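# A look at the structure
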Amino acid sequence: MNELASGKSYDELYSEIKNVLTSARNNAVVAVNTAMVKAYWAVGKLIVDAQGGELKAAYGNHLLDDLSLRLTAEFGKGFDASNLRRMRQFYLAFPICDTVCHKLSWSHIRHLIKVSNKDARAYYAEEAVKGGWSVRELERQIATQHYERLLSTHRDSAEMTNLLKANIPVRPDKFDPLSLVHDPFILEFLDVKPDAALQESELEKAIISHLEQFMLELGRGFAFVGRQKRITIDGQHFYPDLVFYNIPARCYVIIDLKMHAPDYSDIGQMQLYVNYYNMDVCTDMDNPTVGIILCSEKNDAVVRYTLGNRSDIGVFSPQYKLIMPTEDELKREIEITRENFHLLNQ
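Below you will find a few notes about this structure. Being a predicted model, the structure only gives us computed values, none of them experimental.

About the cut-offs
Residues numbered from 1 in each chain as written. Predicted model: local features only at pLDDT ≥ 70, side-chain atom pairs only at ≥ 80, totals over all residues. Heavy atoms only, no water. Helix = DSSP H or I, 4+ residues; strand = E, 2+ residues; numbered from the N terminus. Buried < 20%, exposed > 50% of the residue type's maximum accessible area, 1.4 Å probe, protein only. Contact = heavy atoms within 4.5 Å. Axes fitted to C-alpha atoms, helices over the stretch in contact; angles between N-to-C directions. Parallel < 35°, antiparallel > 145°, perpendicular 65-115°, else oblique. Left-handed = near helix turned anticlockwise from the far one by under 90°. Arc of directions from axis to C-beta. Salt bridge = Lys/Arg side-chain N within 4 Å of Asp/Glu carboxyl O.

Our focus in this paragraph is the overall build of the chain. Along the chain, the regular secondary structure elements total 14 helices and nine strands. Every one of the 346 residues in the chain was classed for burial, and the buried ones make up 42%. In the chain, once contacts between residues fewer than 6 apart in sequence are set aside, the share between residues at least 24 apart is 66%.

This brings us to the packing of helix H7 (residues 135-143) against helix H11 (residues 211-218). Two elements in contact, H7 and H11, have axes separated by 11 Å at closest approach and are oriented at 45°. In terms of axis orientation, H7 runs oblique to H11. Two packed elements cross with a definite hand, and for H7 against H11 that hand is right-handed. Together, Glu137, Arg140 and Gln141 of H7 and Glu212, Leu216 and Glu217 of H11 make up the contact between the two elements.

Next up on the list: unusual backbone geometry. A cis amide bond links Asp183 to the next residue, Pro184, at an omega of 0°. In this structure, Pro184 sits in the loop between helix H9 (157-165) and strand S1 (185-186). Phi is positive for Arg250, which is not a glycine, with a value near 55°. Take Arg250: it is sitting in the loop between strand S5 (242-246) and strand S6 (251-258).

All of the buried residues in H7 are Leu138, Arg140 and Gln141. Angular distribution of buried residues about the axis of H7 spans 160°; they occupy a single face of the element. On its buried side, H7 packs onto helix H5 (106-112), helix H6 (118-131), helix H8 (146-152), S1 and H11. Of the residues one or two after H7, Gln145 is the one with positive phi, at around 50°.

Further remarks concern the pattern of salt bridges. Taken as a whole and assessed by the stated rule, the structure comprises ten salt bridges. Glu188 is the salt-bridge partner of Arg140, the closest N and O atoms lying 2.9 Å from each other. On the criterion of sequence distance, the pair formed by Arg140 in helix H7 and Glu188 in the loop between S1 and helix H10 (200-209) is long-range, its members being 48 residues apart. We classify Glu188 as partly exposed; its relative accessible area is 22%. Glu327 serves as the salt-bridge partner of Lys331, at 3.3 Å between the closest nitrogen and oxygen. Here Glu327 and Lys331 lie together in helix H14 (residues 327-344), a separation of four residues that amounts to about one turn. The network of salt bridges with shared partners includes Arg140, Arg149, Glu188 and Glu217.

Below, the structure written as structure tokens:
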């Protein structure tokens, strides 16, 4: 096809026009969503004020039922009593309608208002915005109690909360490798059944096939470096399963997968990987490398006695789950992790 006066082909012209219209449509959707969320927050505030505050809902369901009938008659669907109740919860959960709320959809917010812990709720909201989480991804992170699992392996919950909210790279004097570790890891998205015949290579392959979801499970700021990255020392070759770099923490994270409880040789091998990266790969701008032995069973005693009091080597051995635990099972796992961590650090 001949070129136009602009020098472009008809296909190029069509593609550019399509991009302009698609962008405009997307911006319109975002604008409408923002306006709707702001409106729902304002409606929630008006309802709370009319009821005399959070604890003084004197007119309770009667008020919501009356409002629902009139609003539905005038504005159509979306204003039943249950949705008005969610708008009320929205205002109570987010008394300040800040930029976080403006950047999330109403579907996101409907999941967030179910989170009773305000710190956890703030964490999920901020992570959803910064990570561009879909509604489904947010729902999964809440269901797997990602925030609580991170806190369970940290020395100071207040400090951890601040680290999680940080938008700037972690300085060496503030770096804590535990900010990159939680226990257990929930890998149900791999769709791999727990099986004695399952090989580490098969698990690794499944992770690579679901890399985006695995990195979401790892946490914020991870970039994939490679799999089976060769390390050569005096003619001997070693192959860590997975290598990542965490951008906010400015450090490499090496992950080895084990289908059993880790033994001293697994821990020693990970120490070798970590030492090699610290000595030969890291620059002066990098924080110390973190090594994670992701295993199907725990063996905290062996980890404790192998590492001793070496706090300078960031080697950790969390457990992974290939099926989603129930809420009660997950709470027990988190509590056990918290207790074991305190024992290891007494």
